[in-house]
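Now for the letters of each chain:
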Amino acid sequence: MAESIQQLILHSLDLHGEISDTRNLTLPTSTAPATDAESQITILGALNSLLSREMIHYESRETISHVLTPEGAQIALHGSHEARVWAALPTREADTPLPPADLKKIIGDESAKVGQGRAFKNGWIAKHGNGLVKAVSSIEDATQKELREVDTTGTLSSGEKNLADLRKRKLIVQKSELFAPDRKGQWFSVQKGPNFSTSTAKPETDLTVDMLTTGAWKTAHFKKYNFEAEGIYPNGGALHPLLKVREEMRNIFLEMGFSEMPTSSFVESGFWCFDALFVPQQHPARELQDTFYLSDPAKSLSPPRDYYERVSRVHVDGGYGSVGYRAPWSHAESHKLLLRTHTTASSTNMLYRLAARCRGEALKDGEVHDVGGTSGRVVRKDGLKDDGFRPAKLFSIDRVFRNESMDATHLAEFHQVEGVVADRGLTLADLIGFMRVFFKKMGIENLRFKPAYNPYTEPSLEIFAFHPMLNKWVEVGNSGMFRPEMLEPMGFPKDVHVHGWGIGLERPTMIRYGINNIRALVGHKVPIESVEKSPAVHF
């Protein structure tokens with residue numbers, strides 16, 4: 001079949017010099033011209049085979065038709081909404097204007113709603129008293145006329161502008177005629193190629209041993225080798241935009257003298273995730289609608305006993321300058337296992353270990369608590385006893401989990417970038433200054449700080465950055481100074497202050513890559529091509 005169609009095309013070219021329209025060909029298995037889409041697809045296969053041998057050249061032609069939507073068909077039959085509004089109204093001379101409510105009863109809500117506006121715009125109707133009247137004695141329903149023309153011919157003689165208006169009003173839809181079997185569709189014009197011949201013998205593609213032995217290669221016709229053909233693109237791995245931004249953030253922390261904290265524990269106890277941070281056991285964040293709790297195992301191991309007692313005591317009775325929460329303490333609540341809602345749970349555990357020397361505990365073998373270091377802005381006076389405290393700058397970038405409703409800027413699982421600075425005499429101004437420097441290194445300079453409430457920091461600040469794609473301020477982080485009720489039970493001296501902040505990884509990435517929906521960045525709908533083609537990020 002394919003060879004016979006190729007032969008048909010070659011003989012037609014040999015006879016006429018060119019084929020201006022392949023719809024005029026009659027296929028070997030048919031008695032009628034090949035005007036339907038299926039026949040043209042069959043002809044296309046033969047054309048491509050001949051083109052590969054440079055026997056022909058062809059050009060694809062395709063006309064576009066339009067069909068009426070159900071609403072368009074209704075208007076073509078009964079008239080446009082505006083014409084029906086005009087027809088239902090009395091003349092101005094009748095002095096009996098028709099109220100809009102009665103108009104809806106006559107022609108229907110939809111026609112009255114759509115038609116009034118267009119009829120006023122065309123100058124066909126006018127207000128008179130409490131109702132509507134005709135403003136002209138006669139009209140020409142151009143919309144109905146155009147739709148009837150489209151229904152008959154598939155297009156408009158008046159041109160694309162009127163077609164675009166009908167498409168905008170959803171009265172017609174564009175339809176490729178390749179898929180419209182009742183009208184002519186895709187077709188081709190064909191010309192002779194440089195290797196034109198009426199013979200369909202295929203050229204040789206390989207030089208074989210038999211050709212060399214018999215000498216047949218001397219008279220054989222070989223297919224031209226395409227030296228410009230591109231090879232198969234090798235597949236390779238690609239870093240996700242989140243990983244690129246994560247690495248840049250990590251480099252920023254490291255160049256600022258921070259040390260990375262171990263944060264491999266996705267499952268934490270209620271004690272380390274909430275209690276040790278001075279979050280009350282009755283806080284809404286600990287409820288099921290906000291936190292994912294484990295059912296098996298459901299209970300954690302106990303934390304250090306003396307530290308656990310100090311934390312529970314400051315919650316119930318207060319201490320360290322605080323009156324506490326004056327609420328009952330639940331051991332079961334403290335021992336629940338959950339998916340951590342913030343990496344501050346790991347930070348708290350790290351701070352507790354950092355304070356071991358302050359508590360007078362001996363360090364374990366291989367354990368080093370001098371991490372990061374700071375500027376040493378407050379110097380201990382000579383002669384004062386060493387209380388064991390060493391300044392520290394720590395950071396982590398890892399996943400956290402919250403039972404949140406997903407939208408354009410929220411996910412139930414996301415990454416948190418957390419930093420902790422511990423030193424003597426730190427102030428809120430130091431924290432704001434650091435955040436400005438940090439975000440500036442990321443290329444985000446348009447920041448705002450808003451006072452906020454956190455159970456474990458006082459004062460507290462929310463950090464907002466302006467998102468140019470969303471054209472609004474987006475919260476990118478939370479920060480503050482850890483409360484004495486959190487730090488002093490660990491054993492830190494009173495003059496030691498700790499800055500803590502957490503910022504999202506996803507939202508800065510969205511700002512950096514101009515993404516306005518987080519589900520286009522993370523999730524099963526993200527195309528692999530977008531990951532492969534995402535540019536490198538450098539703040």
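Throughout what follows, the structure given in this document is the object of discussion. (Residues numbered from 1 in each chain as written. Predicted model: local features only at pLDDT ≥ 70, side-chain atom pairs only at ≥ 80, totals over all residues. Heavy atoms only, no water.)

**Some words on the packing of helix H7 (residues 142-153) against helix H8 (residues 160-168)**
Let me state the cut-off plainly: Only C-alpha atoms enter the line fits that serve as axes; for helices the fit covers just the stretch in contact. Angles between N-to-C directions range over 0 to 180 degrees. Going along the chain from the N terminus, every DSSP run of H or I of four or more residues is numbered as a helix, and every run of E of two or more is numbered as a strand. Working definition: roughly parallel below 35 degrees, roughly antiparallel above 145 degrees, roughly perpendicular at 65 to 115 degrees, and oblique for all remaining angles. The contact rule is simple, with two residues in contact once any of their heavy atoms fall within 4.5 Å. Each residue receives one of three labels: charged for Asp, Glu, Lys and Arg, nonpolar for Ala, Val, Leu, Ile, Met, Phe, Trp, Tyr, Cys and Pro, and polar for the others, Gly being one of them.
One can describe the packing of H7 onto H8 by two numbers: an axis separation of 11 Å at closest approach and a directional angle of 100°. Looking at the two axes, H7 sits roughly perpendicular to H8. On H8, the residues touching Thr143, Glu146, Leu147 and Val150 of H7 are Asn162, Leu163 and Leu166. Of the residues belonging to the contact of H7 with H8, the class tally is 4 nonpolar, 2 polar and 1 charged.

**Here we look at the sheet that holds strand E11 (residues 392-401)**
Note the cut-off: Strand pairing is assigned whenever DSSP detects at least two bridges linking the two strands.
Spatially, E8-E11-E12-E16-E15-E14-E13 is the arrangement adopted by the 7 strands of the open sheet, whose pairing is mixed. Here the strands that pair on one side only, and so sit at the sheet edges, are strand E8 (259-260) and strand E13 (447-454). Taken together, the 5 bridges between strand E15 (residues 472-482) and strand E16 (residues 496-504) define a ladder with antiparallel strand orientation. In the sheet register, Gly477 faces E16, and the bridge partner there is Ile503. Of the strands in this sheet, E13, strand E14 (457-467), E15 and E16 are in contact with helix H15 (residues 428-441), which crosses E16 at around 35°.

**Describing unusual backbone geometry**
Between Asp296 and the following residue, Pro297, the backbone shows a cis peptide bond with an omega angle of -10°. Assignment of secondary structure puts Pro297 in the loop between helix H11 (270-273) and helix H12 (305-316). Despite not being glycine, Lys170 shows a phi value in the positive range, around 60°. Checked against the element boundaries, Lys170 lands in the loop between H8 and strand E6 (172-176).

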